[in-house]
Amino acid sequence: MSISNRLKGASTLLYIPFKKGPGLILVASLITSSTAFAAQDTPRLPVLVEAAELDQASTLEDIAQVFMPRAHWHWSDSESLQADIRATLTDHSGTQETSVFHPDAEVGPLGKAYLLAQADADLPHVRYRWRYAKARLDPPSGPQQVLDLVEVARFNLGPARHQALSDIHGEAQVAPKADFGEGADKVWRLITRPIMGQAADILYAGWRALPESHGVNCLGEKCQTAEGLNHRLISWPEANTVDTLIGSSPMALQLIERSLAPGGAYQGDPSSASAWRDIEWPESASAGQSFIEITLEKGIGQEAAIDLVVFHDQLMDHETRAYWRRLTAVDVNPGMPPKVLMSERLIPREPH
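Below: a short report on this structure.

Reading guide: rules and limits
Residues numbered from 1 in each chain as written. Predicted model: local features only at pLDDT ≥ 70, side-chain atom pairs only at ≥ 80, totals over all residues. Heavy atoms only, no water. Helix = DSSP H or I, 4+ residues; strand = E, 2+ residues; numbered from the N terminus. Contact = heavy atoms within 4.5 Å. Areas by Shrake-Rupley, 256 points an atom, 1.4 Å probe, with all protein chains shown as cover. Axes fitted to C-alpha atoms, helices over the stretch in contact; angles between N-to-C directions. Parallel < 35°, antiparallel > 145°, perpendicular 65-115°, else oblique. Left-handed = near helix turned anticlockwise from the far one by under 90°. Nonpolar A, V, L, I, M, F, W, Y, C, P; charged D, E, K, R; others polar. Buried < 20%, exposed > 50% of the residue type's maximum accessible area, 1.4 Å probe, protein only. Arc of directions from axis to C-beta. Salt bridge = Lys/Arg side-chain N within 4 Å of Asp/Glu carboxyl O. Polar contact = N/O pair within 3.5 Å; in protein donor to acceptor, adjacent residues only side chain to side chain. Pairing = 2+ DSSP bridges. Phe/Tyr/Trp six-rings, centres within 6.5 Å; stacked < 30°, edge-to-face > 60°. Lys NZ or Arg CZ within 6 Å of the ring centre and 35° of its normal. Disulfide = S-S within 2.5 Å.

### Quick look at the overall build of the protein chain
Thinking step 1. Scanning the protein chain from terminus to terminus reveals seven helices and 14 strands.
Thinking step 2. The long-range share in the protein chain, meaning contacts at least 24 apart out of those at least 6 apart in sequence, stands at 65%.
Thinking step 3. Surface summary for the protein chain: the accessible area is close to 16900 Å², and the carbon and sulfur share equals 50%.

So this is what it looks like as structure tokens:
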């Protein structure tokens with residue numbers, strides 16, 4: 001079966017750790033295919049914060065209090081977070097900083113949110129979900145500012161996979177829960193803005209833990225499910241190979257940032273850590289209303305793959321209202337760049 005067919009497939013192959021004496025072995029088990037579903041072509045994305053509340057804000061801290069109230073969110077020091085992100089990118093590239101720009105200079109708000117969530121716990125089986133909105137600040141004195149509002153949620157799928165396998169094979173035959181990854185489900189919110197030398201300067205950031213059974217949805221499905229969701233969200237057209245994404249930054253970061261570029265493929269300097277281009281604020285999206293949602297899955301399918309889907313709604317385009325795009329990076333040959341596949345569906349505007 002070809003890689004592209006497996007990516008679309010109705011069944012999922014999982015590598016499962018089983019007990020065998022004192023050690024562990026990896027075996028492949030075929031999980032029974034689940035009933036496919038189709039989300040609405042244009043799902044309704046949520047309002048992250050009400051525009052009326054944002055309109056009352058006269059300072060950046062006011063907006064932060066509305067977007068992530070201290071009573072429910074743990075605020076973090078933004079300067080320390082950015083220093084950690086820069087250290088992560090510098091360490092990942094294996095080179096010392098020589099540019100006058102920081103290594104995160106071109107990393108956008110969605111990419112920074114990922115680096116923040118991933119650094120908290122690097123899980124083997126995980127799903128991330130981003131939601132993206134804009135806000136406007138009109139201070140009593142000074143120029144107007146347009147801000148990026150980002151929410152990223154991280155879901156540890158290890159416990160669900162452990163439970164599913166225990167139900168099938170018996171807990172005694174399955175490796176301990178710790179081998180499936182440990183870490184609570186958490187949500188982060190960031191407020192960023194572009195400044196000279198930074199595509200997304202972090203102004204405020206906060207996080208909160210989710211309860212064990214939270215029922216949070218990812219584009220209409222429960223985020224905690226251990227099965228892959230991305231391949232079932234819509235009826236995907238045949239995937240095509242795109243130019244290999246290269247560069248020193250983590251592959252997941254490249255997919256996040258470049259999934260929103262024109263055509264879905266990277267256009268620019270391939271040695272750059274990122275390629276963030278500020279997203280146009282749709283006239284039809286109110287302040288605080290999400291108009292982009294992204295899901296990213298790792299450690300779910302048979303291959304060592306990273307699978308990302310973006311739904312971008314309310315486009316400023318006369319013909320296209322929204323689009324679905326899927327980018328999947330699959331490790332095919334050891335030591336070689338991953339194979340990157342893309343599938344895309346455009347949602348046309350209805351004629352008036």
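So that's the structure; there's more coming.
### Here we look at the packing of helix H5 (residues 109-120) against helix H7 (residues 251-258)
Thinking step 1. Contact geometry of H5 with H7 gives a least axis separation of 9 Å together with a crossing angle of 150 degrees. On the basis of their axis angle, the class for H5 and H7 is roughly antiparallel. In the packing of H5 onto H7, the handedness of the crossing is right-handed. Residues Leu 110, Gly 111, Tyr 114 and Leu 115 of H5 pack against Ala 252, Leu 253, Ile 256 and Glu 257 of H7.
Thinking step 2. Across the contact of H5 with H7, the residue classes tally to six nonpolar, one polar and one charged.

### Considerations on helix H3 (residues 60-67)
Thinking step 1. Inspection of H3 places Ile 63, Ala 64 and Phe 67 among the buried residues, and these make up the whole buried set. One face of H3 carries all of its buried residues, which in axial projection span an arc of 100 degrees.
Thinking step 2. On its buried face, H3 is in contact with helix H2 (51-55), strand E3 (74-76), strand E4 (126-137), strand E5 (145-156), strand E6 (186-195) and strand E7 (198-209).

### Regarding the pattern of salt bridges
Thinking step 1. The tally for this structure, following the rule as stated, stands at 13 salt bridges.
Thinking step 2. Lys 134 serves as the salt-bridge partner of Asp 148, at 3.1 Å between the closest nitrogen and oxygen. Note that Asp 148 is positioned in strand E5 and Lys 134 in strand E4, a separation of 14 residues in sequence.
Thinking step 3. Linking Lys 134 and Asp 278 is a salt bridge whose minimum nitrogen-to-oxygen distance equals 2.9 Å. On the criterion of sequence distance, the pair formed by Lys 134 in strand E4 and Asp 278 in the loop between H7 and strand E11 (292-298) is long-range, its members being 144 residues apart.
Thinking step 4. Via salt bridges that share partners, Arg 86, Asp 104 and Lys 112 belong to a single interconnected network.

### Quick word on the side chain of Arg 154
Thinking step 1. Here Arg 154 shows up in strand E5.
Thinking step 2. Of the residues examined, Arg 154 reaches a relative accessible area of 0% and is grouped as buried.
Thinking step 3. A distance of 3.4 Å separates the side chain of Arg 154 from the backbone oxygen of Ala 117, its partner in a polar contact.
Thinking step 4. A distance of 2.4 Å separates a polar side-chain atom of Arg 154 from the backbone oxygen of Ala 184.
Thinking step 5. Discounting chain neighbours no more than four positions away, the residues touching Arg 154 are Ala 117, Asp 120, Ala 121, Leu 123, Val 126, Arg 127, Tyr 128, Gly 183, Ala 184, Asp 185, Lys 186 and Trp 188.

### Here's the deal with H7
Thinking step 1. When you tally the buried positions in H7, you get eight out of eight residues, the bulk of the element.
Thinking step 2. Of all the residues in H7, the buried ones are Met 251, Ala 252, Leu 253, Gln 254, Leu 255, Ile 256, Glu 257 and Arg 258.

### Focus on the pairing of E7
Thinking step 1. Of the strand pairs in this sheet, E3 and E7 are connected by three bridges, and their pairing is antiparallel. Note on E7: the bridge partner recorded for Trp 75 is Gly 206.
Thinking step 2. As paired strands, E6 and E7 are joined by nine bridges and run antiparallel to one another. For Thr 192, the partnering residue across the bridge sits in E7 and is Ile 202.
Thinking step 3. With antiparallel pairing between neighbouring strands as the criterion, E6 and E7 make up a hairpin whose turn holds two residues, including Gly 197 at a positive phi of roughly 90 degrees.

### A short note on the packing of aromatic side chains
Thinking step 1. Applying the stated criterion to the full structure yields seven aromatic pairs.
Thinking step 2. With a centroid separation of 6.3 Å and 40 degrees between ring planes, the pair formed by Tyr 114 and Trp 130 is classed as tilted. Here the residue Tyr 114 occupies a position in helix H5, and Trp 130 occupies one in strand E4, the gap between them amounting to 16 residues. For the pair shown, Tyr 114 and Trp 130 are each scored as buried.
Thinking step 3. For the ring pair Tyr 132 and Phe 291, a centre distance of 5.6 Å and an interplane angle of 70 degrees mean the geometry is edge-to-face. Taken as a pair, Tyr 132 in strand E4 and Phe 291 in the loop between H7 and E11 lie far apart in primary sequence, 159 residues in all. Across the pair, exposure class does not vary: Tyr 132 and Phe 291 are buried alike.
Thinking step 4. Each member of the aromatic cluster is reached from another via a ring pair, and the members are Tyr 114, Tyr 128 and Trp 130.
Thinking step 5. Taking the ring centre of Trp 207 as reference, the NZ or CZ of Lys 186 above it sits at 4.0 Å.
Thinking step 6. Over the ring of Tyr 323 we find Arg 325, and its NZ or CZ is 4.3 Å from the ring centre.

### Things to note about the state of the cysteines
Thinking step 1. In total, this model carries one disulfide according to the counting rule given.
Thinking step 2. The side chain of Cys 218 participates in a disulfide bridge whose partner is Cys 223; the two sulfur atoms lie 2.0 Å from each other. In this structure, the disulfide formed by Cys 218 and Cys 223 twists by about 120 degrees around the S-S bond and is classed as right-handed.
Thinking step 3. The class for Cys 223 is buried, based on a relative accessible area of 0%.

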